[in-house]
Amino acid sequence: MIDIYSWATPNGHKVHIMLEECGQRLGRDWQAHPINIGTGDQFQPAFLEISPNNKIPAMVDPKGPNGKPMHLFESGAILLYLASKFNQFLPKSDAAKFETLQWLMFQMGGVG
């Protein structure tokens, strides 16, 4: 089961939405762990082991590449990882893939 550490923010929600769009179900395939950024949960040592930049969202996939656990932070990196893991939303052709990545980077840097 994939563990997602986040809070009710746009960056947190986009990972939840991606998991749902990839056919993953909360409580069956992934688990949400609230990190209350208003009370400083993001500075707790256990969370900093997963997200050293003390930001949400962060993810732990116990069945990552080669069957080994994968820890990731930063919403864009997590979205790309999930697209690759579930073989969805990231086109195969270079032209289409880079067009998709262009819009992801725009969203991350320009929209938030």
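In this report, we go over the structure that sits alongside the text. Every chain is numbered on its own, with residues counted from 1 as its sequence reads. Local features in this predicted model are restricted to residues whose pLDDT is 70 or higher, and side-chain atom pairs enter the listing and the counts only when it is 80 or higher, whereas totals over whole chains, interfaces and linings include all residues. Excluded from the side-chain calculations are hydrogens and water; all other atoms, namely the structure's heavy atoms, are used.

Numbering of helices and strands starts at the N terminus; helices are DSSP runs of H or I of at least 4 residues and strands are runs of E of at least 2. Scanning the chain from terminus to terminus reveals four helices and four strands. Ordered by position from the N terminus, the helices and strands of the chain form the series β-α-β-α-β-β-α-α. Taken over C-alpha atoms, the radius of gyration comes to 14 Å for the chain, in line with the 13 Å a tight globule of 112 residues would show. Scored against the burial criterion, the 112 residues of the chain give a buried share of 36%. Each radius of gyration is computed over the set of C-alpha atoms, and the globule rule expresses the reference value as 2.2 Å times the number of residues to the power 0.38. Each residue's exposure class comes from its accessible area (1.4 Å probe, protein chains only) as a fraction of the maximum for that residue type: buried when under 20%, exposed when over 50%, partly exposed otherwise.

In this section: the side chain of Asp3. Within the secondary structure, Asp3 is located in strand 1 (residues 2–6). Under the convention used here, Asp and Glu are negative, Lys and Arg are positive, and both His and the chain ends fall outside the count. By definition, a salt bridge exists where a carboxyl oxygen of Asp or Glu is found within 4 Å of a side-chain nitrogen of Lys or Arg. Buried charged residue Asp3 carries no salt bridge. Nearest counter-charge: Lys63, at 11 Å. For the purposes of these results, a polar contact is taken to be a pair of N or O atoms within 3.5 Å, where, inside protein, one atom must be able to donate a hydrogen and its partner to accept one; residues adjacent in sequence count only when each atom of the pair is a side-chain atom. In terms of polar contacts, Asp3 uses its side chain to reach the side chain of His33, at 2.7 Å. Setting aside residues no more than four positions away along its own chain, Asp3 makes contact with Gln31, His33, Ala58, Met59 and Val60. Between two residues, a contact is recorded if the distance between any of their heavy atoms is within 4.5 Å.

Before going further, it helps to spend a moment on the packing of aromatic side chains. In this scheme Phe, Tyr and Trp rings, the latter by its six-membered ring, pair at centre separations within 6.5 Å, and the angle between planes marks the pair as stacked below 30 degrees, edge-to-face above 60, and tilted otherwise. All told, the structure shown has two aromatic pairs when counted by the stated rule. Considering the side-chain rings of Trp103 and Phe106, the 5.6 Å spacing of their centres and the 85° angle between planes classify their relative orientation as edge-to-face. Remark: Phe106 and Trp103 occur in helix 4 (residues 94–111); sequence separation between them is three residues, near one turn of the helix. Classification of Phe106 by relative accessible area gives partly exposed; the value is 46%. Sitting over the ring of Phe98, Lys97 keeps its end group 5.6 Å from the ring centre. Counting as a charge over the ring demands two things of the Lys NZ or Arg CZ atom: a distance within 6 Å of the ring centre and an angle within 35 degrees of the ring normal.

Assignment of secondary structure puts Glu21 in helix 1 (residues 10–21). Classification of Glu21 by relative accessible area gives exposed; the value is 52%. Separated by 69 residues in the primary sequence, Glu21 and Leu90 have C-alpha atoms spaced 13 Å apart. Non-local contacts of Glu21, meaning those with residues more than four positions away in its chain, are made with Gln88 and Phe89.

Attention shifts here to the sheet that holds strand 2 (residues 30–34). A pair of strands is considered paired only if DSSP assigns at least 2 bridges between the two. Strand order in the open sheet formed by four strands is 2-1-3-4, and the pairing between neighbours is mixed. Every other strand in the sheet has two partners, leaving strand 2 and strand 4 (70–73) as the edge strands with one partner each. Geometrically, the sheet is characterised by an average inter-axis angle of 15° between neighbouring strands, direction not taken into account. Direction of pairing for strand 1 relative to strand 2: parallel, over a ladder of five bridges. Each residue of the ladder has a partner; that of Ile2, found in strand 2, is Trp30. Orientation is described by lines fitted to C-alpha atoms, with helices fitted over the stretch in contact, and by angles between N-to-C directions that extend from 0 to 180 degrees. Along the sheet face, helix 1 touches strand 1 and strand 2 and points at about 155° away from the line of strand 1.

This paragraph deals with the pattern of salt bridges. Inspection of the entire model under this criterion finds four salt bridges. For the salt bridge of Glu20 with Arg25, the shortest nitrogen-to-oxygen distance reads 2.8 Å.

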